[in-house]
Structures are given as C-alpha cells and as structure tokens.
Amino acid sequence: MDGVTTLVGQGLYMAMAAVTGLMLARMLRIDNTLGCLIAGVVAGILLPVIEFDTGIRADNLHQLVFFVILPVLIFEAAWRIEPKLLKRWMGPILLLSTLGVAICALLTAVLIYYGIRHPGFPWIAALLTGTILAATDPVAVINKLRQTRADKELLTVVEGESLFNDAASIVLFSLVLGAAMHTVVEGAEVTGVPLFGMADMSLYFTVIFFGGLALGLLCGLLTAIVVLFLGSAGAALATLVLSAFGTFYLAEHVVHVSGILAVMVCAVVTRICLREQEDTFLADVGPTWEWLGLLFSALIFVIMGLVITPGMFTSQWLAMLIAIMAAVGARALAIFLVAPLCRFVGPPLLKPWRLVLSWGGVRGVIALALVLSLPTELPYWYTIQAMVFGVVLFSLLVQGTSTRFLINRMADAEAEKLESARSSGGH
C-alpha cells in the first residue's frame, strides 16, 4: 500500500502544480506551457522545504511520458485534423517529415559536433542530439494558429508535418541510440561503430513507419465498430481514451512499430468512420480531448521544471547556446531545401508558409520525452539533456511567443495583396 500511496501522492502533487501553472499563465497572460514550466521549477524548489520526495528523476520518466502522456497528446492532435485537408497535403507532409527530418538531424549534428569540438563529446553523441532536436512539437504554435487568422490549410500542414515528423524522429533516435549503446556495451571506441548499413536502415525505417500506419488503420476501424455498437456518449468517450492507450502499447510493446503513427492513424480513421455521429452522441468528444490534452501537456512541462537543475545553466551554458543556434539554423535550412520539392508530390508550399514552418518548428514534448529516456550509462547523457532543455526553453520563450506576430504579419500581407488585386481589377 505504501507504494500505491506514494504513487497517488506524486500524481496529486504534479496535478496541483499543473493547475497552478495554468492559473499562473492566465494571470501573467503567457503561454500555458511556459506557466506550467515555471510552476514545475517552483514546485521543485519547494520540495526540500516540505520534505517531500516525488520520486521523479531524469532516468525514470520514460515509461510515464511515453506510455501515459504521449498517447493522449497524439490522439488529441490527430482528432482535430481535417481529414480532407490532410489527404490534400499528404504528399508535402510526408516529404517534409521524412527527407526533411533526416536533413535537419544531420545538419544539427554537424553544427553541434564542430561547435563543441570536445573529445568527451563524440560524433555519435552529436548525431543522437540531432535526432532528438529534429522532433518538433506544435502545441504552442497550433494554439496560436487557431487564435489568429491563419489559413486552415496552413494549420493542417503544420500539425500534420509535426505528427509525422515525431514518428520519423523517434525511429531515427532508436537507431542512433542502439549504435551509441553498442559503443558502451562492447567497449568500442568512443567515436562509435556503425551497426547498420543503408539497406538495413531503410528496411527498418520502412517496417516501423508503414507498420505503424497499417496497425493504426486496423485499430481505427475496430474502435469505430465498438463505438457504433455501444452507441452511447459515455461508452464512446471511454472507448476512444482506451483506444489511444491500447494502440500505442500494442504498437510499441507487441508489434514493435511506430506508436505515434499508429495512434495518429487510429484517431483519423476513427473520426472519418464516425463523422455522421459527431452531431449526436459524439458531440462531447472534442471538448473532452481538449481538456485531456491541456492537462497532459501541462504535466509534461511541470515534469521538465522539476527535473531542471541550476547547474545545467552554469556548467553547460555554452553547449546550450550552440545547440540553440544549430537547431534553429538546421530546421530553417531543411525546410527551405525540401519545400521546393513539394510541388512534385502535391500542392506547392507557399513561401510565407515556409517561414512559419521554420520558425514555428518549436521543440517540446517529444524532444523532452526522448532526452529523458536516455540511459545514464552514456557518458555524455547529461550534456545532451542540458542542450535539449536549453533548446526547449528557447522555443517556449522566444519562438512560441513571437509566432503570433509572424502569423499576423503574414495574414496582413495576404490581405493587402488581395485588396490590391481587387483595386487593380476595379480599374
């Protein structure tokens, strides 16, 4: 019972901190994620005072983040995507989230490796950091897009690219992490040993990626059948929540494919199959997933605040700055290199949209989840964690807060062009 009591106490403490963070965000008129981060930092400072140990450590959060928090956030984001618009932009989204992610991860790794230039930080460590920072989290940006005059198609591209991007980043991360752990277990040179050839990596990526799509399709159809059979609002909501957790667990633990892709496809397929019920017993699905997504995204940033230590900013400040410049620069280069190719697989990506995708590619939940899952046996895990935390903080404080201004400027420019075209047509 002591273990159960401790677990309940930890959950209540984090939930209280999350609610406090949301209140703080409302009072200070800042983003919810930033408010929850501040609340987490304050909660961490108060822990020694009240002599309470949450049990939260940098090396024991992987299961909580990946199998509890992540499925809800992915399902909620995918449920809100318009299926018709997703189908229209599927080609550019897949191109950006595969080739774009690979380019971004590689460029980030190169910039970090040559920026740090330290024998204790080998190439495999830089590549590991690059794969983590290639994962973007659009939660803050999506909220701002919904609050502004942003085009619905831009909203679909940003959210869809991020969801597929996360899946591709996690697959690359697992490959690089396997190589990094091999250097530790086998006592290989610290510079790393190549474990996979290009053919093996391509096959692995294909199986994980398309396997996730297939499993998500199957789970989505099954979920829709169960919901229609039950035919009540309460049972439908319970089924959808269980489907999110069950699909992710089945994908990651049983079938060994991409859990993110499986949950995302499950949500989209379920919504398509149940579209005629959205005005009947599924009318409350949207608000339910909204508050679940708000709570779980708040929890992840509270956890980040609890894990952050002041020593990171005193001992790793230079590495943080290098990582920030590398992450922002590599993301921009990857988007502007891949964007011109989108017209060959779908609608062309407008130039103003490329800027939003570049600057709006903030790092958040997925990057935190990946870096918190790093084994402490890696001698450079703390440096990577500090760099990722630094990039996430920059995303929240700078990119997240300035994106609204960028979107409004873009909308104003589009309005001026439209007005100019109308004026010239009238003359």
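Everything that follows concerns the structure shown earlier in this document.
Description of the structure in this document. (Residues numbered from 1 in each chain as written. Predicted model: local features only at pLDDT ≥ 70, side-chain atom pairs only at ≥ 80, totals over all residues. Heavy atoms only, no water.)

1. Quick look at the overall build of the protein chain
Alright, step 1. The helix and strand inventory of the protein chain stands at 17 helices and zero strands.
Alright, step 2. The proportion of buried residues among the 427 residues of the protein chain is 51%.
Alright, step 3. Taking contacts inside the protein chain between residues at least 6 apart in sequence as the whole, the part at least 24 apart equals 82%.
Alright, step 4. When the accessible surface of the protein chain is totalled, it reaches about 19500 Å², and 67% of it is carbon and sulfur. (Helix = DSSP H or I, 4+ residues; strand = E, 2+ residues; numbered from the N terminus. Buried < 20%, exposed > 50% of the residue type's maximum accessible area, 1.4 Å probe, protein only. Contact = heavy atoms within 4.5 Å. Areas by Shrake-Rupley, 256 points an atom, 1.4 Å probe, with all protein chains shown as cover.)

2. Structural notes on the packing of aromatic side chains
Alright, step 1. Within the structure shown, the criterion is met by eleven aromatic pairs.
Alright, step 2. Pairing Trp89 with Trp353 gives two aromatic rings, centres 5.4 Å apart and planes at 50°, and the pair type is tilted. You can see Trp89 sitting in the loop between helix 4 (83-88) and helix 5 (90-116) and its partner Trp353 sitting in helix 15 (residues 351-359), a full 264 residues away along the chain. You'll find Trp89 and Trp353 in the same group, each marked buried.
Alright, step 3. Ring plane angle 70° and centroid distance 5.5 Å describe the contact between Phe209 and Phe210, whose orientation is recorded as edge-to-face. (Phe/Tyr/Trp six-rings, centres within 6.5 Å; stacked < 30°, edge-to-face > 60°.)

3. Things to note about the pattern of salt bridges
Alright, step 1. The final tally for this structure, using the stated rule, is four salt bridges.
Alright, step 2. Put simply, Arg271 and Glu82 hold a salt bridge, and the shortest N to O gap is 3.8 Å. You can see Arg271 sitting in helix 11 (residues 259-273) and its partner Glu82 sitting in the loop between helix 3 (62-79) and helix 4, a full 189 residues away along the chain.
Alright, step 3. Exposure remark for Arg271: the relative accessible area of 14% places this residue in the buried category.
Alright, step 4. With a relative accessible area of 37%, Glu82 lands in the partly exposed category. (Salt bridge = Lys/Arg side-chain N within 4 Å of Asp/Glu carboxyl O.)

4. Considerations on the side chain of Thr247
Alright, step 1. Tracing the chain through its elements places Thr247 in helix 10 (residues 233-255).
Alright, step 2. Reaching out from Thr247, the side chain makes a polar contact with the backbone oxygen of Ser243 at a distance of 2.7 Å.
Alright, step 3. Beyond its immediate stretch of four places on either side in the chain, Thr247 contacts Leu215, Cys219, Ala262, Val263 and Cys266. (Polar contact = N/O pair within 3.5 Å; in protein donor to acceptor, adjacent residues only side chain to side chain.)

5. Re the environment of Val392
Alright, step 1. Among the secondary structure elements, Val392 is positioned in helix 17 (residues 381-426).
Alright, step 2. For Val392, a relative accessible area of 0% gives the class buried.
Alright, step 3. Note: C-alpha distance between Val392 and Thr136 (256 residues apart in sequence) is 9.9 Å.

6. Points about the side chain of Asp166
Alright, step 1. By the secondary structure assignment, Asp166 is in helix 8 (residues 152-185).
Alright, step 2. Buried charge without a salt bridge: Asp166, with Arg331 as the nearest opposite-charge side chain at an N-O distance of 8.3 Å.
Alright, step 3. Discounting residues that sit within four places of it in the chain, Asp166 has contacts with Ala135, Thr136, Ile260 and Ile366. (Lys, Arg positive; Asp, Glu negative; His and termini not counted.)

7. A look at a nonpolar patch on the surface
Alright, step 1. Together, Val19, Met23, Met27 and Leu28 make up an exposed nonpolar region whose accessible area comes to about 430 Å².
Alright, step 2. Assignment of secondary structure puts Met23 in helix 1 (residues 2-28). (Patch = residues over 30% accessible without salt bridge, like charges linked within 9 Å, V, L, I, M, F, W, Y side chains within 5 Å.)

8. As for the packing of helix 12 (residues 285-307) against helix 16 (residues 365-372)
Helix-helix packing: each pair is described by the crossing angle between the helix axes and the interaxial distance.
Alright, step 1. The interhelical angle for the contact between helix 12 and helix 16, taken along N-to-C directions, is 45°, at an axis separation of 10 Å. It follows from the interaxial angle that helix 12 and helix 16 lie oblique. Along this stretch, helix 12 crosses helix 16, giving a crossing that reads as left-handed. Contact residues: helix 12 offers Ile300, Phe301, Ile303, Met304 and Val307, while helix 16 offers Val365, Leu368 and Leu372.
Alright, step 2. Considered class by class, the residues forming the contact of helix 12 with helix 16 number eight nonpolar, no polar and no charged. (Axes fitted to C-alpha atoms, helices over the stretch in contact; angles between N-to-C directions. Parallel < 35°, antiparallel > 145°, perpendicular 65-115°, else oblique. Left-handed = near helix turned anticlockwise from the far one by under 90°. Nonpolar A, V, L, I, M, F, W, Y, C, P; charged D, E, K, R; others polar.)

9. Remarks on the environment of Trp289
Alright, step 1. Within the secondary structure layout, Trp289 lies in helix 12.
Alright, step 2. Assessed through its relative accessible area of 2%, Trp289 is described here as buried.
Alright, step 3. Spatially, the C-alpha atom of Trp289 lies 8.7 Å from that of Val241, the residues being 48 residues apart in sequence.
Alright, step 4. Setting aside anything within four residues of it in sequence, one finds Trp289 in contact with Val72, Phe75, Glu76, Leu240, Val241 and Ala244.

10. Section: helix 14 (residues 317-338)
The α-helix advances 3.6 residues per turn, and as a result positions three or four apart in sequence lie on the same side.
Alright, step 1. Between its first and last C-alpha atoms helix 14 spans 32 Å; for 22 residues at 1.5 Å apiece the expected length is 32 Å, and the two agree.
Alright, step 2. Within helix 14, burial applies to Ala319, Met320, Ile322, Ala323, Ile324, Ala326, Ala327, Ala330, Arg331, Ala334, Ile335 and Val338. (Expected span 1.5 Å × (residues − 1).)

11. Focus: the packing of helix 14 against helix 15
Alright, step 1. Relative orientation of the contacting elements helix 14 and helix 15 amounts to 150°, with a least axis distance of 8 Å. On the basis of the axis angle, helix 14 is roughly antiparallel to helix 15. Handedness of the helix 14/helix 15 crossing: right-handed. Contacts from Val328, Arg331, Ala332, Ile335 and Phe336 in helix 14 reach Arg354, Leu355, Leu357, Ser358 and Trp359 in helix 15.
Alright, step 2. Looking at the contact of helix 14 with helix 15 residue by residue, the class counts come to seven nonpolar, one polar and two charged.

Take it as geometry only, folks, not as evidence of what the structure does.
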